[in-house]
Every structure is written in C-alpha cells, then in structure tokens.
Amino acid sequence: MSEESDSLRTSPSAASLSENELPPPSAPAGYVCSLTEDLVAKAREELQEKPEWRLRDVQALRDMVRKECPNLSTSLEDAFLLRFLRARKFDYDRALQLLVNYHSCRRSWPEVFNNLRPSALKEVLASGFLTVLPHTDPRGCHVLCLRPDRWIPSNYPITENIRAIYLTLEKLIQSEETQVNGIVILADYKGVSLSKASHFGPFIAKKVIGILQDGFPIRIKAVHVVNEPRIFKGIFAIIKPFLKEKIANRFFLHGSDLNSLHTNLPRNILPREYGGTAGELDITAWNAVLLASEEDFVREFCQPGPPCDSILGQAPPPEGLSSEAPCDDSMRAVKSQLYSCY
C-alpha cells in the first residue's frame, strides 16, 4: 500500500482512533465479511480496502455523516456504509459525497423512486425488458441484460423502465461480491425505432447517467451494445456528453458481430440468443429473486420520510438531477439528432 493510499484514511473524523484501536460494531450482531480470500485480496489491491482497518474506516465515515450531515436520514449500519467506501476506494470525502448524492437522487426524482417495489413493476419485469444472466463473467461481474425492444411505449412511460433498472441495481449491490467485482451491462438495441428512441432525450439521459456515475455505489466495468441500428448513433450522441471519460471508454459497440462480443463475454455464460451455450434467455429466475425481496423494498422505499430540504439542507443534487422539466426546444433538438442518422 502506498503512502498516498494510506493517507486517505487520515480524515479528521478518524484522527482520534489509533491504528490498533477498532470501534465497536454499529449493530449488535456486527459486520461479518462474506468475501472469499481471493476477493479480500482483490479488494485490497483494487479498492484500497484493508480488512484490519475496515471497521475503523466505516466508523470514520459514520462520524463524518453525523458531524457534517446531521439531518441526513440514512442507514449507518456497517454493511450499508461499506458500499459507499468500496465504490470510492475508501476515500472518506468522496464516499460521503456519494452517500449524500444517493439520497439526493432518490428525492429529486420522485416519479422513479417513490413506491419502488417489485410488485409495482410486474408489467416491466414480465416484458423481458431487463434481466440478470445466471452466470457471471470471468471477472466475477454479474451481467445485466437490457432489451429496449421489449418496451411498448403505449403501455407505460419510460420512467417505469428506469425504475426497474434501479430496483435491479439495488438488489445486486446487496452482495459484497458485486460491491468488489462490479457489473457488466449487455444492451441489445435490435429493433429500436426512431419513435421509441425519441423518448430517451437529454433530460432523461442526463438524470440516468447522473445517478449511475455520481449517485449510486456500483462499479460499472463495461457496457456492451449489440445489434445497434443506425439510430444508435443519435442515442449515443445524446449520452456521450454526460459520460465521464473513464465510463465512455468502457462502452463497446459490437453491432451484429457476436464474435466481437465473445472476446469480452465468453459463450459459456451467454444465452443462445447471443451466440452462447447457456441455454435460452430466461427472465423468470431473476424476476422471482426481485419479487421475493418485496418486503425489503417496501421497508426501504415505501415509508414516508421528511422533506428533501430538511434532510439535505442546501446541498444541491448531482448535476443533471434537478427536477426541472424538459423544454420543448430540448425535445426538438433530440429528434433532430435522431433524424440526422437516417
């Protein structure tokens, strides 16, 4: 570990703790690590996570929340705070900002985050718009598969798809393996028409990307796009300005060349639809996992809470997460970009 990495732990909030002193667990049962030895080693190397310092780091973040954001209505349990430390490589300040952003995002887009529970999204789940493949990639990343062609705009608004994505991410991030390994997204744009693409304008794109980059504790290791039509050039032109360089470099466009996809995602983890050997794409298993988590989501997302201002004070939401409505000029610009692809 470099001196620079160790210095990340010298937050004033932790200054009163000696290196050999560990704070008591935040919950009666305490935190029990579920990572394998290999994942502990990976977390140490990639995330600057030292098992011998883990609980002290959590306590330092907890102290910062209590001191700097006393009105932030958030869980302070060890396992919950660890998600944010891992997502920001145990940099206390950045982990705290991510935690504040996480709650700000949830309160700045109520049509997405209010009443967020699996039973409220049965139609989206049944459509096959998204699922998680049963096998991880060679790096241990779960593969979130998105199929926008399964969405029929006349049935429900695009925000319902976003709700389903967020619901899935919330479930995935409960796993410590996912916190360390991250996820991979496989997006199949086969059959996406101009009219359907126009629903995903700059307003929606900016908010979604703002959440994924700055408002949620998950590591997106790659985004693989397949079967993208010419219209995708317009979609990506909308998305790219909001992407950080690191994330933009993790987008891979394969077109209909599944051999190109297989150099990144091996055939033995892919369903037959994508040239794989893992059988037909089955959405029922992941839908069952989500629906079995109904009580957890009701407890987390369906309880009345204090107004946003009383929780976050004057802290603004991350860029792109304001509640302003999209203007007509913005939508006209979107359609102009999309039509130019034809």
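Conventions used here
- Residues numbered from 1 in each chain as written.
- Predicted model: local features only at pLDDT ≥ 70, side-chain atom pairs only at ≥ 80, totals over all residues.
- Heavy atoms only, no water.
- Axes fitted to C-alpha atoms, helices over the stretch in contact; angles between N-to-C directions.
- Helix = DSSP H or I, 4+ residues; strand = E, 2+ residues; numbered from the N terminus.
- Parallel < 35°, antiparallel > 145°, perpendicular 65-115°, else oblique.
- Contact = heavy atoms within 4.5 Å.
- Buried < 20%, exposed > 50% of the residue type's maximum accessible area, 1.4 Å probe, protein only.
- Pairing = 2+ DSSP bridges.
- Salt bridge = Lys/Arg side-chain N within 4 Å of Asp/Glu carboxyl O.
- Core = buried A, V, L, I, M, F, W, Y, C linked by side-chain atoms within 4.5 Å.
- Domains from an automatic or database assignment.
- Polar contact = N/O pair within 3.5 Å; in protein donor to acceptor, adjacent residues only side chain to side chain.
- Lys, Arg positive; Asp, Glu negative; His and termini not counted.
- Left-handed = near helix turned anticlockwise from the far one by under 90°.
- Nonpolar A, V, L, I, M, F, W, Y, C, P; charged D, E, K, R; others polar.

An unreviewed UniProt entry lists the chain under the name Alpha tocopherol transfer protein like, with Capra hircus as the source organism.

Okay, the packing of helix α8 (residues 158-172) against helix α15 (residues 284-291) next. It is at 11 Å that the axes of α8 and α15 come closest, and there the two elements cross at 75 degrees. Taken together, the axes of α8 and α15 lie roughly perpendicular to each other. Contacts between α8 and α15 involve Leu167, Thr168, Lys171 and Leu172 from the former and Trp286, Val289 and Leu290 from the latter.

Okay, helix α12 (residues 232-239) next. Counting buried positions along α12 gives six out of eight residues, so the element sits mostly inside the fold. When α12 is considered as a whole, its buried residues turn out to be Phe232, Gly234, Ile235, Phe236, Ile238 and Ile239.

With that settled, consider the sheet that holds strand β1 (residues 130-132). The strand order across the open sheet built from five strands is β1-β2-β3-β4-β5, with neighbouring strands paired in mixed fashion. Whereas interior strands pair on both sides, the edge strands pair on one side only; in this sheet they are β1 and β5 (251-255). The sheet shows a mean angle of 20 degrees between the axes of neighbouring strands, direction not considered. Pairing analysis gives six bridges linking strand β3 (residues 183-188) to strand β4 (residues 220-226), with the strands arranged parallel. Across the sheet, residue alanine 187 finds its bridge partner in β4, namely valine 225. The strands touched by α8 within the sheet are β1, β2 (142-146) and β3, with β1 carrying the most contacts at an inclination of about 10 degrees.

Our next topic: the pattern of salt bridges. Enumeration over the complete set of coordinates arrives at 14 salt bridges. In this structure, arginine 163 and glutamate 160 form a salt bridge, with 3.2 Å as the shortest nitrogen-oxygen distance. With arginine 163 and glutamate 160 both in helix α8 and three residues apart, this pair spans about one turn of that helix. Judged by relative accessible area, which is 5%, arginine 163 ranks as buried. On the basis of relative accessibility, which here comes to 19%, the residue glutamate 160 falls in the buried class. In this structure, a network of salt bridges that share partners links the residues Glu49, Arg54, Arg86 and Glu176.

Moving on to the pairing of β3. Where burial is concerned, most of β3 is hidden: six out of the six residues are buried. Neither face of β3 is exposed, since Ile183, Ile185 and Ala187 on one face and Val184, Leu186 and Asp188 on the opposite face are all buried.

Residues Leu85, Trp109, Tyr166, Phe216 and Leu243 are the most contacted members of the largest nonpolar core, which totals 74 residues. In terms of residue count, the dominant contributor to this core is helix α5 (residues 92-108) (eight residues). Of the domains in this structure, domain 1 (37-108) and domain 2 (113-299) are the two that each give at least three residues to this core. Leu133, Cys145, Leu186 and Tyr274 belong to the second largest nonpolar core, which has 14 residues in total.

On to the environment of glutamine 213. Note on placement: glutamine 213 falls in helix α11 (residues 202-214). C-alpha of glutamine 213 to C-alpha of isoleucine 247: the two residues are 34 residues apart in sequence and 8.3 Å apart in space. Excluding anything up to four places from it in sequence, glutamine 213 contacts Arg88, Phe242, Leu243, Lys244 and Ile247. Among the polar contacts listed, one links the side chain of glutamine 213 to the backbone nitrogen of lysine 244, at a separation of 2.7 Å.

Attention shifts here to the pairing of β2. Judged by how many residues are buried, β2 sits mostly within the fold: four of five residues are covered. Note that β1 and β2 share three bridges and pair antiparallel. Its bridge partner lying in β2, threonine 131 is registered against cysteine 145. Here β2 runs beside β3; their pairing, made up of five bridges, is parallel. When the sheet's bridge partners are listed, valine 143 is paired in β3 with valine 184.

Our focus in this paragraph is the side chain of aspartate 188. Position of aspartate 188 among the secondary structure elements: in strand β3. One buried charged residue, aspartate 188, remains without a salt bridge, the closest side chain of opposite sign being arginine 147 at 6.1 Å. Reaching out from aspartate 188, the side chain makes a polar contact with the side chain of tyrosine 274 at a distance of 2.7 Å. If we skip the residues at most four places from it in the chain, aspartate 188 touches Leu146, Arg147, Pro148, Asp149, Val226, Asn227 and Tyr274.

Interaxial distance between helix α3 (residues 54-68) and α5 falls to 10 Å at its minimum, and their mutual angle equals 55 degrees. Viewed along their axes, α3 and α5 adopt a mutual orientation that is oblique. Helix-helix and strand crossings are classified by hand; for α3 and α5 the assignment is right-handed. From α3, Asp57, Ala60, Leu61, Met64, Val65 and Glu68 reach across to α5, where they touch Tyr92, Asp93, Ala95, Leu96 and Leu99. When the residues that make up the contact of α3 with α5 are grouped by side-chain class, the tally is eight nonpolar, no polar and three charged.

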